[in-house]
Amino acid sequence: QVLPFFLAQVFASFEKKFQKFEADAKDRESLVFKDIPFPSADEDYFDGLEAALRAAGDKAKRVIRTLYLKWHPDKFMGRYRAKLSDEDIEMVQKRVTEVQQALVAIKEKLSL
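The present account deals with the structure reproduced in this document. (Residues numbered from 1 in each chain as written. Predicted model: local features only at pLDDT ≥ 70, side-chain atom pairs only at ≥ 80, totals over all residues. Heavy atoms only, no water.)

Across its full length, the protein chain carries five helices and zero strands. Moving toward the C terminus, one meets the helices and strands of the protein chain in the order α-α-α-α-α. For 112 residues, the compact-globule estimate of 2.2 N^0.38 gives 13 Å, and the C-alpha radius of gyration of the protein chain, at 14 Å, lies within 12% of that figure. Across its three principal axes, the protein chain shows a C-alpha extent of roughly 45 × 25 × 25 Å. Scored against the burial criterion, the 112 residues of the protein chain give a buried share of 38%. By sequence separation, contacts in the protein chain at least 24 residues apart represent 76% of the contacts at least 6 residues apart. Surface exposure of the protein chain reaches about 7200 Å², of which carbon and sulfur atoms provide 52%. (Helix = DSSP H or I, 4+ residues; strand = E, 2+ residues; numbered from the N terminus. Rg over C-alpha atoms; globule rule 2.2 N^0.38 Å. Buried < 20%, exposed > 50% of the residue type's maximum accessible area, 1.4 Å probe, protein only. Contact = heavy atoms within 4.5 Å. Areas by Shrake-Rupley, 256 points an atom, 1.4 Å probe, with all protein chains shown as cover.)

Let us now look at the packing of aromatic side chains. Using the criterion set out here, one finds 12 aromatic pairs in the structure. Pairing Phe14 with Phe18 gives two aromatic rings, centres 6.4 Å apart and planes at 35 degrees, and the pair type is tilted. With Phe14 and Phe18 both in helix H1 (residues 2-27), this residue pair falls four residues apart, about one helical turn. Take Phe18: its relative accessible area is 0%, and that puts it in the buried class. Ring geometry for Phe38 against Trp71: centres 5.8 Å apart, planes inclined by 35 degrees, an arrangement best described as tilted. One end of the pair, Phe38, is in the loop between H1 and helix H2 (45-56); the other, Trp71, is in helix H3 (residues 60-71), with 33 residues separating them in the sequence. Trp71 carries the same exposure label as Phe38, and that label is buried. Among the aromatic side chains, those forming a connected cluster through ring pairs are Phe11, Phe14, Phe18, Phe21, Phe33, Phe38, Tyr45, Phe46, Trp71, Phe76 and Tyr80. (Phe/Tyr/Trp six-rings, centres within 6.5 Å; stacked < 30°, edge-to-face > 60°.)

Relative to the assigned elements, Glu15 resides in helix H1. We classify Glu15 as buried; its relative accessible area is 13%. Sequence-distant contacts of Glu15, defined by excluding residues within four places in its chain, comprise Tyr45, Leu67 and Lys70.

The end-to-end C-alpha distance of H3 is 16 Å, a good match for the 16 Å that 12 residues give at a rise of 1.5 Å each. Taken as a whole, H3 has its buried residues at Ala60, Ile64, Leu67, Lys70 and Trp71. The buried residues of H3 occupy an angular sector of 115 degrees when projected down its axis, which confines them to one face. Structural note: H3 exposes Lys61, Arg62 and Arg65 on the side pointing more than 90 degrees away from its buried face. (Expected span 1.5 Å × (residues − 1). Arc of directions from axis to C-beta.)

Now for unusual backbone geometry. Look at Ser111: it is not a glycine, yet its phi comes out positive at around 55 degrees. By secondary structure assignment, the location of Ser111 is in the segment after helix H5 (86-109). Ser111 sits in the exposed class, given a relative accessible area of 64%.

Rendered as structure tokens:
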């Protein structure tokens, strides 16, 4: 039980970082790839997300839907593309797509 709690905390910690990024991005004129706090497997983000979704019960579908909207490539690029440097657009789009694919895998694994 300690491990799922820890992983859920990792997920929550990342979400706080992303909220800070969103708030800061509103005031910035430009963004580069390294400014965006992408989740990575090294941070246990997706394991943490899975643990958090399992614990969320009936709310899991709402949580995964919110994350789908956050990381949907078209929506993400719609929010931030104008602020990205030309050389970073392709890298950002590729990474956002990878995150979205990981979310799809978790959704399917948990049958949400």
